[in-house]
Amino acid sequence: MTSNGVPVVNKKPIRSPSYPSMALSDAVEAVRKIEAEYVTSAVDREIAAKLIGYSSLSGPANKALAALASYGLVERAGKGMMKVSGRARAILHPDSEDEKTENLRAAALEPRLFQDIKERFPDIAIPPEAGVINYLRREEFNPSAVRPAAKAFLETMAFVETLRESDSHVPDGDTGAESYSPDDDTTFGGASVGDLIQWENQGALQLEKPRRVRAISADGLWVAVEGSDTGIPMSQVIVETPAPPMPPQFPPEQPAVAEAVPKGFSEWFRAKVGPDKLVTINFKGEGEIGPKEIEKMIRVLEAQKLALED
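Criteria and thresholds
The residue numbers shown here count from 1 along each chain, following its written sequence. It should be noted that, the model being predicted, local features are given only for residues of pLDDT at least 70 and side-chain atom pairs only at 80 or more, the latter also being counted only at that level, while totals for whole chains, interfaces and linings use all residues. Calculation of side-chain values draws on the structure's entire complement of heavy atoms; hydrogens and water are dropped beforehand. Labels follow the DSSP assignment, with helices taken as runs of H or I lasting at least four residues and strands as runs of E lasting at least two, numbered in each case from the N terminus. Relative accessibility decides the category of a residue: with a 1.4 Å probe and only protein chains considered, values under 20% of the type maximum give buried, values over 50% give exposed, and everything between is partly exposed. Two residues form a contact once any of their heavy atoms are found within 4.5 Å. Method for areas: the Shrake-Rupley scheme with a 1.4 Å probe, in which residue coverage is limited to the protein chains shown. A helix is expected to span 1.5 Å multiplied by its residue count minus one. Only centres within 6.5 Å qualify two rings of Phe, Tyr or Trp (six-membered ring in Trp) as a pair; their planes then separate them into stacked at under 30 degrees, edge-to-face at over 60, and tilted for everything else.

(A) Up close: the overall build of the protein chain. The helix and strand tally for the protein chain stands at nine helices and 13 strands. Counting across all 310 residues of the protein chain, residues that qualify as buried make up 31%. Taking contacts inside the protein chain between residues at least 6 apart in sequence as the whole, the part at least 24 apart equals 51%. Put simply, the protein chain shows about 20300 Å² of open surface, and 52% of that area lies on carbon and sulfur atoms.

(B) View of unusual backbone geometry. A positive phi angle, near 50°, is found at Val-39, a position not held by glycine. By secondary structure assignment, the location of Val-39 is in the loop between α1 (24–38) and β3 (43–44). Among the residues examined, Val-39 registers a relative accessible area of 37% and is labelled partly exposed.

(C) Summary view of α1. Its 15 residues give α1 an end-to-end C-alpha distance of 21 Å, which sits within 8% of 21 Å, the value for a rise of 1.5 Å per residue. Among all positions in α1, only Leu-24, Ser-25, Ala-27, Val-28, Ala-30, Val-31, Ile-34 and Glu-35 are buried. Backbone geometry just after α1 places Val-39 at a positive phi near 50°.

(D) Region of interest: the packing of aromatic side chains. Under the definition given, this model contains two aromatic pairs. Judged by centre distance (5.4 Å) and plane angle (75°), the ring pair of Phe-114 and Phe-153 falls under edge-to-face. Of the two residues, Phe-114 is situated in helix α6 (residues 112–120) and Phe-153 in helix α8 (residues 143–168); the sequence distance between them amounts to 39 residues. No difference in accessibility class separates Phe-114 from Phe-153, as the two residues are buried.

Structural data, given as structure tokens:
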């Protein structure tokens, strides 16, 4: 087709995927704050936004609340209102670990985009980041949305994988991963590079054994451990063994200052003959020391050496 003689090119519209702006683990922590205040009662969206850390119902706040809805953790409750869902309650207050795990896994694949990506990689628990990004690009998603969507998906799949690993390490007769009671004296956060830490989320330990902190984000909110690229919230970190303190640094040893040459003498030779021994030869007289004088000194030193050996 043409318009005024100029060909019209039909461009395929760029798809802008609907995806959660946060990983499932963060969404659960956010809905926990809302549930703690309102349980299942309806709450104004602006109040809910403030409960999860936003000052107003801004663009980022709306995205965060939309993320909770995309996982099925909150539901509409009238115009401008919302409430915590039954799924969220089953995750926060489960009758059993199986119920909690089942609802977390269902929430992880509630977003339609996450289902599509998972179907593209059916046999891989956590697909390679490059593969997910390439898939979204081939599907002609909005370029600005590709990496954030991939990040939210991969972090959520990593979280689900920790649930699977926890299940596989439960001994016979055990009811689930290690948990703690509100009376525990557990202190969270405060980790430093080199500390051995454990990661606790939803009352369960996420690491099979403590790992050493290799990096901390500039804002101090995230921790990276050896052997993993997954960021761990500092607020969920328990320091098991602090890194040993670095030994104090002392100024370098200063070279020994030679004593002043006695009056009437001249320094002729100086040499270090041991870690803490410095020898100087001073002489007094006319002219310079020559081969004859050196020969006599050698004989004197050899005689002294024989005397010490005897």
